[in-house]
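# Understanding the architecture of this molecule
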Amino acid sequence: MVKRKVILDCDPGHDDAIAIILAASKISNLKIEAITTVAGNVEVEKNTLNALKVCDIIGLENVPVAQGAERPLVKEREIAEEIHGETGLDGPVLPENPTKKAIDKHGVDVIIEKILSSDNDITLVPTGPLTNIALAMIKEPKIIPKIKEIVLMGGGTFGNWTPAAEFNIYVDAEAAKVVFESGVPISMFGLDVTHQAIATDDIVKELSEIDNPIADFVIELLKFFSETYKEVFGFAGPPIHDACTVAYLIDPSIFQMNHVRVDIETKGEFTYGMTVVDTLETTGKEPNVHFAYQLDSDKFWDLMTRGLKSYS
Ligand code: RIB
Ligand code: CA
């Protein structure tokens, strides 16, 4: 199997961690070229530590982890401790310090160098705010035509951080605007579809029957993530937002997509960070996004189950 090259740009975060675990699983068709971290769920230093700890747990030794932007392009940093806890990966008991170390290079420079030296065959998979991706495009515009695709978690036709805006886009809407207007092919996994990937108690119970340490770790993540989503949003369980990007790359048939125009609001008093999805083509603008609107839940959880079982 020819593996598809990806760079995971993330803010682990419980669902980012699950996305990394699925991407590195034996059923994955992905070759992780690098993991870069960005300020998002918690401070970038903590997100980096969490990414390193996940790499330790799954034995991902040969993938470089590089720390990226510590704040958005324009706004002050905003974090989501109430969802992911003080560490950003609360729940599992983890060693304070990971064995793996981050490389001594900025995440933005890693993205630029990997893309410039590639055969235009690297897919960027951002599952946090888009600060690193925008900075890479601004610092070195030559990468723009060389990026194969951006498969991102963010946005939606409704919000979870404000009524209009989803967290990843809201934290750095200026960065999102740069990315969505770049012309790079984008596949967007927003709340419309990620809220169909809910890890209900029944699903967690089924996954907990998988007998290996990685599955056990994911169960610990889901138990904490579930508590916060039940408490904060009244959901039946946590949406595994970020894993939708990796699931799509492994098996696109899980998702229904349409090709639409999406613009980013950066000025609205009540709508800052909104992804303005032109479903009915009212703007006449050229579509710039493949927008996921439907997920086959049985296929998604079957993939997640096979991915976790592959660590046995
Ligand atoms: O709104 C959900 C997104 O925000 C997910 O990527 C989650 O990890 C947080 O980053
Ligand atoms: Ca995330």
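If you're wondering where the values come from, they're calculated on a predicted model, not measured in any experiment. (Residues numbered from 1 in each chain as written. Chains lettered and ligands numbered in written order. Predicted model: local features only at pLDDT ≥ 70, side-chain atom pairs only at ≥ 80, totals over all residues. Heavy atoms only, no water.)

## Describing the packing of aromatic side chains
Here the structure, examined in full by the defined rule, presents 10 aromatic pairs. Summarising the aromatic geometry, the rings of Y170 and Y272 are spaced 5.5 Å apart at their centres and angled 90 degrees between planes, so their arrangement reads as edge-to-face. In this pair, Y170 is assigned in helix α6 (residues 167-171) and Y272 in the loop between β7 (255-264) and β8 (275-278), connecting sequence segments 102 residues apart. Residue Y170 is classed as buried on the basis of its relative accessible area of 17%. Where F233 meets F235, the ring centres are 5.7 Å apart and the plane angle is 50 degrees; that geometry is what we call tilted. By relative accessible area, F233 is classed as partly exposed at 30%. For F235, a relative accessible area of 24% corresponds to the partly exposed category. (Phe/Tyr/Trp six-rings, centres within 6.5 Å; stacked < 30°, edge-to-face > 60°. Helix = DSSP H or I, 4+ residues; strand = E, 2+ residues; numbered from the N terminus. Buried < 20%, exposed > 50% of the residue type's maximum accessible area, 1.4 Å probe, protein only.)

## Here we look at helix α5 (residues 131-139)
Within the span of α5, buried status applies to T131, N132, I133, A134, A136 and M137. Each element contacted by the buried residues of α5 is listed here: β1 (4-10), β2 (30-37), α4 (107-116), β4 (122-126), β5 (147-153) and α7 (173-180). (Contact = heavy atoms within 4.5 Å.)

## Thoughts on the nonpolar core
Core analysis: the biggest nonpolar cluster contains 63 residues, and I21, I35, F255 and F300 have the highest contact counts within it. With 9 residues, helix α10 (residues 213-233) is the single largest residue contributor to this core. The residues contacting I21, other than those within four sequence positions of it, are V54, I58, I214, F217, V218, L308 and Y311. Of all hydrophobic cores here, the second largest spans 37 residues; its members include I111, A173, F180 and V262. (Core = buried A, V, L, I, M, F, W, Y, C linked by side-chain atoms within 4.5 Å.)

## Quick notes on the coordination of the calcium ion (ligand 2)
Taken together, D11 (OD), D16 (OD), D16 (OD), T127 (O) and D242 (OD) make up the protein donors of the calcium ion (ligand 2), found 2.2 to 2.6 Å from the metal. As a motif over one chain, the donors of the calcium ion (ligand 2) read D-x4-D-x110-T-x114-D. The class of D11 is buried, set by a relative accessible area of 0%. The class of D16 is buried, set by a relative accessible area of 1%. (Donors = N, O, S within 2.8 Å, 3.2 Å for Na, K, Ca; no water.)

## Here we look at the pattern of salt bridges
Tallying each qualifying case throughout the model produces 18 salt bridges. Its salt-bridge partner being E86, residue K46 comes within 2.9 Å of it at the nearest N-O pair. One end of the pair, K46, is in helix α2 (residues 44-58); the other, E86, is in the loop between α3 (81-84) and α4, with 40 residues separating them in the sequence. The residue K139 makes a salt bridge to D109 at a minimum N-O spacing of 2.6 Å. With K139 in helix α5 and D109 in helix α4, this pair connects stretches of sequence that are 30 residues apart. Here the salt bridges share partners, and the residues they tie into one network are E43, K46, E81 and E86. (Salt bridge = Lys/Arg side-chain N within 4 Å of Asp/Glu carboxyl O.)

## Section: the site of ligand 1
The environment of ligand 1 is made up of 13 residues, and the closest members are D15, N160, E166, N168 and D242. Here an oxygen atom of ligand 1 and a side-chain polar atom of E166 are 2.5 Å apart. Taking 280 Å² as the accessible area of ligand 1 by itself, protein coverage stands at 96%. When atoms are counted within 2 Å of each cavity's grid points, the one that captures over half of ligand 1 is the largest cavity. Elements with a minimum of two residues in the shell around ligand 1: α1 (14-23) and α6. (Near = heavy atom within 4 Å. Polar contact = N/O pair within 3.5 Å; in protein donor to acceptor, adjacent residues only side chain to side chain. Areas by Shrake-Rupley, 256 points an atom, 1.4 Å probe, with all protein chains shown as cover. 1 Å grid on protein atoms, 1.4 Å probe; cavity = no way out; pocket = protein on both sides within 12 Å on 5 of 7 lines; lining within 4 Å. Sits in = over half its atoms within 2 Å of the grid points.)

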